[in-house]
Amino acid sequence: MDINFTPEDEAFRAEVRAFIEENQPQHLKGVRRGEYRNKEDFLVWHRILYKKGWLVPSWPAPYGTNWTPTQKYIWNEENARAETPAILPFGVSMVGPVIYTFGTQEQKDKYIPGILSGDVWWCQGYSEPGAGSDLASLKTTAVREGDYYIVNGQKTWTTLAQFADWIFCLVRTDKNAKAQEGISFLLIDMKTPGITVKPIITMDGGHEVNEVWFDNVKVPVENRIHEENKGWTCAKFLLSHERAGIAGVARSKRAISRLKDMLAMEVIDGEKLIDDADFERKIAELEIDLTALEFTELRTLASEQAGKGPGLESSILKIKGTEIQQRITELVMEGVGYYSLPYSDPLSHNEFAPGPAYAEGTTQNYANMRKTSIYGGSNEIQRNIIAKMVLGL
Amino acid sequence: MDFSFTEEQTLLRNSVQKFIQGAYDFETRRKVSKSDAGWRKEVYGQIAEMGLLGVAMPEDFGGLGGSAVDAMIIAEEFGRGLVIEPWLNNAVIAAGFLKAAGSTAQKEELLPAIAAGETVFAFAYAEPQGRFNLADLTTTAKKSGDGYVLNGHKAVVLGAPFADKLIVTARTSGGQRDADGVTVFIVDKSAKGVSTRDYPTVDGNRASEVTLENVTVGADAVIGEVGGGLKTVELVTDQAIAALAAESTGAMKVLNDTTIEYAKTRKQFGTPIGKFQVLQHRMVDMFMNYEQSVSITYMVTLKLEEEEAERKKAASAAKVQIGKAGRFIGQSAVQIHGGMGMTDELNVGHYFKRLTMIDTLFGNVDHHLKRYATLG
Ligand SMILES: Cc1cc2nc3c(=O)[nH]c(=O)nc-3n(C[C@H](O)[C@H](O)[C@H](O)COP(=O)(O)OP(=O)(O)OC[C@H]3O[C@@H](n4cnc5c(N)ncnc54)[C@H](O)[C@@H]3O)c2cc1C
């Protein structure tokens, strides 16, 4: 056992840090995604990394880097430290890996370049009004008519579909098969006639998710990835893929350090709030929780490095990681006291904002982050997985 | 020992419920909250007509002569309706100040006007540096001739955009956090030197930053004793805490009922999600949190007349209980609703946000745990 990084790792860290410092978009440093002003804000860092060749470290040759898991870990840490924009996962972490794993050469040639360059924006069409945790009960149908599928149904909670050029969907191609066996994985151009996108406003006032409706949408059969009725295999592959980073440890560390900076500026009875015994305890607890999670993640990483692949323990990373992220937003909100009350319009937030800048939108962020224990397999579902698959209950 | 309501109290509850059902369906509330005005003056007028603004005022001054229990009932029902109109600021806080420390002239002039909904107050007590310490004041009031000159910045004054008058705490003597030297003033919002910047709050209400720049008021603007105002401020905020506790139980009840109903109808894996035991236990915990909050609300409401230390402990205890319960119930309701719980469309998020805000008002869980502990 050894918890130190090798000199090579440290050299790598220095190189990465220098690159980030020189190239990161300064106007987005530390800015929450809900406050991005336009589509390009989501993409600018993506494009820079693409040019550098560091966009998809985890992809296999010829696309990826040959970084070790430790190097990828360092990469995540350095990005969090510098508060670079998070890369949208839908293309590079979701549909991309499905395409290079299950797609034909033609499909790879057609879709991968747009995913990598950022020129094609993807969104994820899995969930439906009736199919959330129980995804396999999905009802959107794709009926074969010659060289086309005719797609009908509704997807929902589709993140950032308002910007999307393409959507990857799970659709039902065989109504008579068992739930998981009648599903196919389809790529659909959002410009196809019959698609309607309707915004869903979340309780924090943001427009992050949408409904996507399909009314007799004609999709070429060649847009199907993998065999017909084998879509569930792609979906399952995606779920087990790229668990590294799911815990968000590095970003949480950074958020805690921001929280501490803020508490040093807040006062309570004339003293710094950060020296308040109650707050000290809460921060200490949070940091200890995060340290334990960090080492849980490192253990996962080490076993991956030893070629064992990520285990089902990755559910721990999701549960603890999101609990910690949510806890941080609670403490930020508590820290700013009365200035947690003003509502900050996500679109016109440069109007009058009372109180210190760090207080802006803290309650909305707290409200928004409740999503993390709901999506990506809710924390109840993750606990069910551990109970069943790890504990054998 | 008796925890039952009188016939009049039941009638009061029924009439408030009917009013909320009529004037306060969720869609209307949403529209009003987003409108330019942010509230409905005519609805406030109806609240006045029903006698709800004068609930706790003596009958001689146009009130109903009711008790803290009557106020509790109204607050609870307003909590269910997420009422925006500033009932708490006026029926509880402004009336509370005048009743506790106002001169006869002030009472005669203002109580009937408050009860009739003609004069609307907001309470400007918090300051950027003060956090929840009611005595931590940098706003000053300096003696000048017969009156005073006020200077300072009051933070997040809820309901100020709707108000004509402000109740302002200011320091007439002593150091920044001394208990002595706090004085309570009535200030016209239209007075020279008062400026406000208005903004919405996360729960769909409105607030202002209030700046006082050489605002002159007469000696008759002082409520109670010069320099001895803190005791009244503490009394009135404890009364407000009792009402907030009642309001929060109304909001909690809606969340619990809505969540149970949803869990019975929402199906996943071929079964209502309410059949999953882990969610059942969570809903049981929500239920227990609610019941405990109701209990403590009764306790604080019945102890508002006790001697000071006892009253303060009761208020702090209540604020801690409802703060914790509000957070747990809010978070659980959202979680059990899944994605639907995150939406602006469903009422769940709106109650979640109101309960979150209530925890901050007049001091959060940490503040009141500490206050409770120091009271011994
Ligand atoms: C902000 C946000 C963004 C999203 N983005 C996308 C996206 O881009 N693409 C996409 O396809 N989807 C997306 N989703 C959808 C997300 O994956 C679903 O919300 C999630 O799967 C839960 O489904 P549901 O909302 O229908 O809740 P339900 O499945 O109805 O769950 C309701 C409650 O029941 C619990 N529950 C369900 N089953 C069980 C069980 N067996 N045991 C115990 N408890 C159970 C859940 O944990 C939850 O608390 C997003 C969701 C949100 C909130």
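Residues numbered from 1 in each chain as written. Chains lettered and ligands numbered in written order. Predicted model: local features only at pLDDT ≥ 70, side-chain atom pairs only at ≥ 80, totals over all residues. Heavy atoms only, no water.

(A) Broad picture of the overall build of chain A. If you tally the helices and strands in chain A, you get eleven helices and ten strands. For chain A, the spread of C-alpha atoms along the principal axes amounts to about 75 × 50 × 50 Å. Counting across all 393 residues of chain A, residues that qualify as buried make up 50%. Looking at chain A alone, contacts between residues at least 24 apart form 72% of all its contacts between residues at least 6 apart. By element, 53% of the accessible surface of chain A is carried by carbon and sulfur atoms, the whole surface being about 18,200 Å². Here chain A contributes 44 positive and 54 negative side-chain charges, whose respective centroids are spaced 5 Å apart. (Helix = DSSP H or I, 4+ residues; strand = E, 2+ residues; numbered from the N terminus. Buried < 20%, exposed > 50% of the residue type's maximum accessible area, 1.4 Å probe, protein only. Contact = heavy atoms within 4.5 Å. Areas by Shrake-Rupley, 256 points an atom, 1.4 Å probe, with all protein chains shown as cover. Lys, Arg positive; Asp, Glu negative; His and termini not counted. Charge placed at Lys NZ, Arg CZ, Asp CG, Glu CD.)

(B) Structural detail: the overall build of chain B. Per the secondary structure count, chain B includes eleven helices and ten strands. Computed over its C-alpha atoms, the radius of gyration of chain B comes to 21 Å, within 12% of the 21 Å expected for a compact globule of 376 residues. The principal-axis extents of the C-alpha atoms in chain B amount to approximately 80 × 45 × 45 Å. Looking at chain B as a whole, 60% of its 376 residues are labelled buried. Of the contacts made within chain B by residues no fewer than 6 positions apart, 74% connect residues no fewer than 24 positions apart. Here chain B displays about 14,800 Å² of accessible surface, and carbon together with sulfur accounts for 51% of that area. Positive and negative charge centroids in chain B, built from 40 and 46 side chains respectively, lie 7 Å apart. (Rg over C-alpha atoms; globule rule 2.2 N^0.38 Å.)

(C) Geometry of the site of the ligand. Taken together, 28 residues are adjacent to the ligand, and Ser133(A), Thr159(A), Ser378(A), Arg266(B) and Gln335(B) come closest. Ser378(A) has a polar side-chain atom sitting 2.6 Å from an oxygen atom of the ligand. Between the ligand and the protein, one listed contact pairs an oxygen atom with a side-chain N or O atom of Arg266(B) at 2.7 Å. For the ligand, whose accessible area on its own is 970 Å², the fraction buried by protein is 94%. At the level of secondary structure, the elements contributing two or more residues to the shell around the ligand comprise helix H11 (379-390) of chain A together with helix H8 (277-302) and helix H9 (308-337) of chain B. Here the element with the most residues in the shell around the ligand is H11(A); it accounts for three residues. (Near = heavy atom within 4 Å. Polar contact = N/O pair within 3.5 Å; in protein donor to acceptor, adjacent residues only side chain to side chain.)

(D) Molecular detail of the domain arrangement of chain B. Residues and elements named next belong to chain B. Segmenting chain B into domains produces domain 1 (7-119), domain 2 (122-228) and domain 3 (231-375). Each partner contributes to the interface: domain 1 provides 21 residues, whereas domain 2 provides 19 residues. Together, Asn 89, Phe 97 and Gln 106 form the three largest contributors to the area buried by domain 1 at its contact with domain 2, with a combined 33%. For the pair domain 1 and domain 2, the number of links is zero salt bridges. Linking domain 1 with domain 2 are nine residue pairs in polar contact (both at pLDDT 80 or more). Sorting the residues of the side of domain 1 that touches domain 2 by element identifies helix H2 (26-34), helix H5 (87-101) and helix H6 (104-115) as the ones contributing at least two each. The biggest single contributor to the side of domain 1 that touches domain 2 is H5, with six residues. (Domains from an automatic or database assignment. Buried area = accessible area lost by both parts, 1.4 Å probe. Salt bridge = Lys/Arg side-chain N within 4 Å of Asp/Glu carboxyl O.)

(E) Structural detail: the nonpolar core. Core analysis: the largest hydrophobic core is formed by 134 residues, its most contacted members being Tyr338(A), Phe78(B), Trp87(B), Phe97(B) and Phe362(B). A total of 16 residues in this core trace back to one element, the largest contributor, which is helix H7 (residues 230-265) of chain B. Not counting the four nearest positions on each side in its chain, Trp87(B) is found in contact with Tyr44(B), Ile47(B), Leu52(B), Leu53(B), Val55(B), Ala71(B), Ile74(B), Ala75(B), Phe78(B), Val92(B) and Ala243(B). Trp67(A), Ile188(A), Val212(A) and Trp232(A) belong to the second largest nonpolar core, which has 68 residues in total. (Core = buried A, V, L, I, M, F, W, Y, C linked by side-chain atoms within 4.5 Å.)

(F) Spotlight on a negative patch on the surface. A surface patch of negative charge is lined by Glu106(A), Asp109(A), Asp147(A) and Glu222(A). Counting through the fold element by element, Glu222(A) comes out in the loop between strand S7 (207-220) and strand S8 (224-225). (Patch = residues over 30% accessible without salt bridge, like charges linked within 9 Å, V, L, I, M, F, W, Y side chains within 5 Å.)

(G) Broad picture of the domain arrangement of chain A. In terms of domains, chain A is made up of domain 1 (7-87), domain 2 (121-230) and domain 3 (247-389). The straight-line distance from the C-alpha centre of domain 1 of chain A to that of domain 2 of chain A is 30 Å.

(H) Seen up close, the confidence of the model for chain B. The predicted model of chain B averages 97 in pLDDT, with 100% of residues at 70 or higher. Both confidence scores are given for the complex: pTM 0.97, ipTM 0.97. (pLDDT = per-residue confidence, 0-100.)

(I) Looking closely at the pairing of S7(A). Residue and element names in this part refer to chain A. Here seven bridges tie strand S3 (residues 148-155) to S7, and the two strands are oriented antiparallel to one another. Pairing of Tyr 149 across the sheet is with Val 219, part of S7. As paired strands, strand S6 (residues 195-201) and S7 are joined by seven bridges and run antiparallel to one another. Among the inter-strand pairings, Pro 199 is bridged to a residue of S7, identified as Asn 210. Hairpin remark: S6 followed by S7, antiparallel, with five residues in the connecting loop; positive phi at Gly 205, about 95°. (Pairing = 2+ DSSP bridges.)

(J) Region of interest: the interface of chain B and chain A. At the junction of the two partners, chain B supplies 52 residues and chain A supplies 49 residues. Where chain B abuts chain A, roughly 4,100 Å² becomes buried across the two surfaces, and 60% of that area is made up of carbon and sulfur atoms. By the criterion of area lost to chain A, the three top residues of chain B are Arg131(B), Gln335(B) and Met342(B), representing 19% of everything that side buries. Across the chain B-chain A interface, the total number found is six salt bridges. For Asp366(B), the salt bridge identified is with Lys282(A), shortest N-O distance 2.8 Å. Across the contact surface, chain B and chain A share 27 residue pairs in polar contact (both at pLDDT 80 or more). Of all the secondary-structure elements, those providing two or more residues to the side of chain B that touches chain A are strand S3 (147-158), strand S6 (194-200), strand S9 (267-268), H8, H9, helix H10 (348-360) and helix H11 (365-374) of chain B. No other element matches the six residues that H10(B) contributes to the side of chain B that touches chain A. The residue makeup of the side of chain B that touches chain A, split by class, is 20 nonpolar, 17 polar and 15 charged. (Nonpolar A, V, L, I, M, F, W, Y, C, P; charged D, E, K, R; others polar.)

(K) Inspection of the packing of helix H4 (residues 68-81) of chain B against H7(B) at higher detail. Residues and elements named next belong to chain B. It is at 7 Å that the axes of H4 and H7 come closest, and there the two elements cross at 40°. Looking at the two axes, H4 sits oblique to H7. Handedness of the H4/H7 crossing: right-handed. Here H4 contributes Met 72, Ala 75, Glu 76, Gly 79 and Arg 80 to the contact with H7, which in turn contributes Ala 243, Ala 246, Glu 247, Thr 249, Gly 250, Ala 251, Lys 253 and Val 254. (Axes fitted to C-alpha atoms, helices over the stretch in contact; angles between N-to-C directions. Parallel < 35°, antiparallel > 145°, perpendicular 65-115°, else oblique. Left-handed = near helix turned anticlockwise from the far one by under 90°.)

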